[in-house]
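Listed below, chain by chain, are the residues.
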Amino acid sequence: MSEQTQREEAAERSDEEQVTEKQALHDQSSSDGRPPEAPGDTPVGERAELSNFEIVNHYFDLAAERIGLPDDVAAVLRSAYREVQVQIPVKRSDGKTHTYTGYRVQHNGARGPYKGGVRFHQEVDLDEVRALASLMTWKTAIADVPFGGAKGGVNCPATDLEEGEKQAVARAFMSKIDKVLGPTRDIPAPDVNTNAQVMAWMMDEYGRLHGHTPAIVTGKPIPMEGSHGREEATGRGLVYLFREAAGKAGLKPSETSVAVQGYGNVGSWAARLMQDLGARVVAVSDAYGAISSEEGLDTRALAEHVAESGEVSGFEGADELDVVEFLETECDVFIPAALGGMIHKSNADRLRCRMIVEGANSPTTPAADEILQDKGVFVVPDVMANAGGVVVSYFEWVQNLQHFRWDEREVNDKLGRTMRRAYREVAARAEEDDVPLRLAAYEVGIERVAEAARLRGYIDW
Ligand code: NAD
């Protein structure tokens, strides 16, 4: 079946057929206050088998209890408002049609339109997307941008897809979820294995169905009404928060050594901007290997090497490391910027850093978090640290709605102000309540969402 026919068929189908709408109010938490962790030991270099949703709900439950949220209200805020699952058949260059599964989860829209990235990865499943959507709800509230939380994903072998196949996945996904999206309803953005080009295809597909609508996605290419500074925004936000937190860990930015796990959008920009501060990036890893350099890697040349070769290995002048050696690299700051569950109870003890700034979503399991706390490692949590992307996505959306463009300095200045304010509000709460930053961040986020839901008359609190 041609792509055009598939699109026409998708457009003709009713909302009911395309959308499994689920205003799920059932209790999805398994937490009893103790950090959950998968049975058995996860191999040191692999991801924890712990469900991402369990990780997020563990913190949600702890914070909800601390702020005195009644159980029935917590059940509404914990679960997702709407979950959509769609079929994505794509004809590949082997001549066969491969059927992938796509998800869009809209977790909570009390504070504004749903907002969250789209991930293409072979491990994407509903649980992961649900967890990431929930995280977005708290993140947008903590950063105080007027959005709710959502996430999307397509389970597909993203890194094996040819460019044309990736485009077909992006278009088919958009054409099947378009009915629940909209610039005032739900606005996707890039995440793992998706980028500005994928957003351009998704915007174009939405435009074919509904007319030209730049504000339907953020993280677009600059010539397509993308925002200056969006590509670097998550990495830049991490660096702003590192600067805020450095004093707490007794670090001077210009004398800091850094290890970065994952050298994609978030990791490579964090590395480049840390180097601009004078820090030494002593080790980096990706899905295929890891490298190090005692005197510090040239992070911009490394980004070019990755753009050409697709991996960090083979970078001239660097030593190759295995995954365990990478995790054990001595450094001041460790930046996880790959996938969730990478720091778990089998490897947390091996990290030799003083601070972790979480670029990835849910990189640290609750059990690992406790180990790090006992070791005195200062953790700047994902739900606040990696908000830079959604903050500049908000700026992009505002520019699109006004058909106006801000220059990069204006975007970066506004991003810096937003990130610093969020950090200071959360740090003040952490001090007041004598809790770690992560718990304080959840407390602040949940309170803001609960208040908006109450003011709308959605919950009785
Ligand atoms: P990306 O696809 O650009 O990069 C991902 C990187 O992780 C790649 O270098 C990949 O090789 C590496 N990786 C994958 N598996 C790995 C493994 N097992 N070990 C080591 N490295 C591995 O994705 P991204 O947009 O940079 O996102 C990275 C993380 O940051 C994700 O958790 C994402 O949800 C989170 N995040 C992204 C944004 C954003 O604006 N892009 C915003 C907030 C949070």
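Residues numbered from 1 in each chain as written. Predicted model: local features only at pLDDT ≥ 70, side-chain atom pairs only at ≥ 80, totals over all residues. Heavy atoms only, no water.

Caption draft 1: Spatial organisation of the sheet that holds strand β8 (residues 290-292). Taken together, the seven strands give an open sheet; going across it, the order is β9-β8-β7-β6-β10-β11-β12, and neighbouring strands pair in mixed fashion. On the outer flanks of this sheet lie β9 (319-321) and β12 (378-380), each paired with one strand and no other. When the angles between neighbouring strand axes are averaged without regard to direction, this sheet yields 20°. In the sheet, strand β11 (residues 355-357) pairs with β12 via three bridges, with the strands oriented parallel. Counted as the bridge partner of Val357 is Val380 from β12. The strands that helix α9 (residues 265-276) touches are β6 (257-261), β7 (280-285) and β10 (333-336); relative to β6, the one it contacts most, it runs at about 170°. (Pairing = 2+ DSSP bridges. Helix = DSSP H or I, 4+ residues; strand = E, 2+ residues; numbered from the N terminus. Axes fitted to C-alpha atoms, helices over the stretch in contact; angles between N-to-C directions. Contact = heavy atoms within 4.5 Å.)

Caption draft 2: Main features of the site of the ligand. Around the ligand sit 23 residues, and of these Arg119, Asp191, Thr234, Ala338 and Asn361 come closest. A distance of 2.9 Å separates an oxygen atom of the ligand from a polar backbone atom of Asn265. In this structure, an oxygen atom belonging to the ligand sits 2.8 Å away from a side-chain N or O atom of Asn361. Among the elements of the structure, α8 (230-246) and α9 are those that each provide at least two residues to the shell around the ligand. Residue composition of the shell around the ligand, grouped by class: 10 nonpolar, nine polar and four charged. (Near = heavy atom within 4 Å. Polar contact = N/O pair within 3.5 Å; in protein donor to acceptor, adjacent residues only side chain to side chain. Nonpolar A, V, L, I, M, F, W, Y, C, P; charged D, E, K, R; others polar.)

Caption draft 3: Expanded view of the packing of α8 against α9. Across the interface, α8 lies against α9 with an axial gap of 7 Å and an inter-helix angle of 50°. Relative to α9, α8 is oriented oblique. Read as a crossing pair, α8 and α9 show a hand that is right-handed. Taking contact as the criterion, the partners of Glu231, Glu232, Thr234, Gly235, Arg236, Leu238, Val239 and Phe242 in α8 are, on α9, Asn265, Val266, Trp269, Ala270, Leu273 and Met274. Class assignment of the residues belonging to the contact of α8 with α9 gives a composition of eight nonpolar, three polar and three charged. (Parallel < 35°, antiparallel > 145°, perpendicular 65-115°, else oblique. Left-handed = near helix turned anticlockwise from the far one by under 90°.)

Caption draft 4: Quick look at the nonpolar core. Among the nonpolar cores identified, the biggest contains 93 residues, and Leu69 and Trp138 are the most heavily contacted of them. For this core, the element with the most residues is helix α16 (residues 437-456), which contributes 11 residues. Discounting residues that sit within four places of it in the chain, Leu69 has contacts with Phe60, Ala64, Ala74, Leu77, Ile446, Ala450 and Trp461. Membership of the second largest hydrophobic core comes to 28 residues, among which are Val90, Val118, Ala170 and Tyr206. (Core = buried A, V, L, I, M, F, W, Y, C linked by side-chain atoms within 4.5 Å. Buried < 20%, exposed > 50% of the residue type's maximum accessible area, 1.4 Å probe, protein only.)

Caption draft 5: Representation of the pattern of salt bridges. Applying the stated criterion across every chain yields a total of 32 salt bridges. Of the charged contacts in the structure, one is a salt bridge between Arg350 and Glu328, with a shortest N-O distance of 2.8 Å. With Arg350 in the loop between β10 and β11 and Glu328 in the loop between α11 (323-327) and β10, this pair connects stretches of sequence that are 22 residues apart. Given a relative accessible area of 32%, Arg350 falls into the partly exposed group. (Salt bridge = Lys/Arg side-chain N within 4 Å of Asp/Glu carboxyl O.)

Caption draft 6: Quick peek at helix α14 (residues 388-402). With 15 residues, α14 extends 21 Å from end C-alpha to end C-alpha; this agrees with the ideal 21 Å at 1.5 Å per step. Taking burial as the measure, the 15 residues of α14 include 12 buried ones, the bulk of the element. Taken as a whole, α14 has its buried residues at Gly388, Gly389, Val390, Val391, Val392, Ser393, Phe395, Glu396, Trp397, Val398, Gln399 and Asn400. The inward-facing, buried residues of α14 abut β3 (114-121), α5 (126-143), β5 (186-190), α8 and α15 (408-433). (Expected span 1.5 Å × (residues − 1).)

Caption draft 7: Layout of the packing of aromatic side chains. Taken as a whole, this structure holds nine aromatic pairs when the rule is applied. Between Phe326 and Phe334, the ring centres sit 5.8 Å apart and the planes meet at 50°, which makes this aromatic pair tilted. This pair shows no difference in class: Phe326 is buried, exactly as Phe334 is. Aromatic pair Tyr394 and Phe395: ring centres 5.9 Å apart, planes at 45°, arrangement tilted. Three or more aromatic residues joined by ring pairs make a cluster, and in this case those are Phe147, Tyr394, Phe395, Trp397 and Trp406. The side chain of Lys115 reaches across the aromatic face of Phe147, ending 5.9 Å from its centre. (Phe/Tyr/Trp six-rings, centres within 6.5 Å; stacked < 30°, edge-to-face > 60°. Lys NZ or Arg CZ within 6 Å of the ring centre and 35° of its normal.)

Caption draft 8: Here's a closer look at the side chain of Asp382. Structurally, Asp382 is set in helix α13 (residues 382-385). Polar contacts involving the side chain of Asp382 include one to the main-chain amide nitrogen of Ser362, which spans 2.7 Å. Among residues more than four places away in sequence, those in contact with Asp382 are Leu135, Lys139, Glu358, Ala360, Asn361, Ser362, Pro363, Ala387 and Arg438.

Caption draft 9: Region of interest: the sheet that holds strand β1 (residues 82-91). Taken together, the five strands give an open sheet; going across it, the order is β1-β2-β4-β3-β5, and neighbouring strands pair in mixed fashion. Strand pairing shows two members of the sheet lacking a second neighbour, β1 and β5, which therefore form its edges. Taken over all neighbouring pairs, the strand axes of this sheet differ in orientation by 20° on average, direction set aside. Where β3 and β5 come together, five bridges link them in parallel fashion. Residue pairing in the sheet places Tyr114 in a bridge with Asp186 of β5. With respect to the sheet, helix α7 (residues 196-210) is in contact with β3 and β5, its orientation differing from that of β5 by roughly 150°.

Caption draft 10: Local environment of the pairing of β10. Burial of β10 is two-sided: the residues Val333 and Ile335 facing one way and the residues Phe334 and Pro336 facing the other way are all buried. Judged from the four bridges that link them, β6 and β10 form a sheet pairing that is parallel. Within the sheet, the bridge partner assigned to Val258 lies in β10 and is Val333. Two elements, β10 and β11, share two bridges in a ladder whose sense is parallel. Among the inter-strand pairings, Phe334 is bridged to a residue of β11, identified as Ile356.

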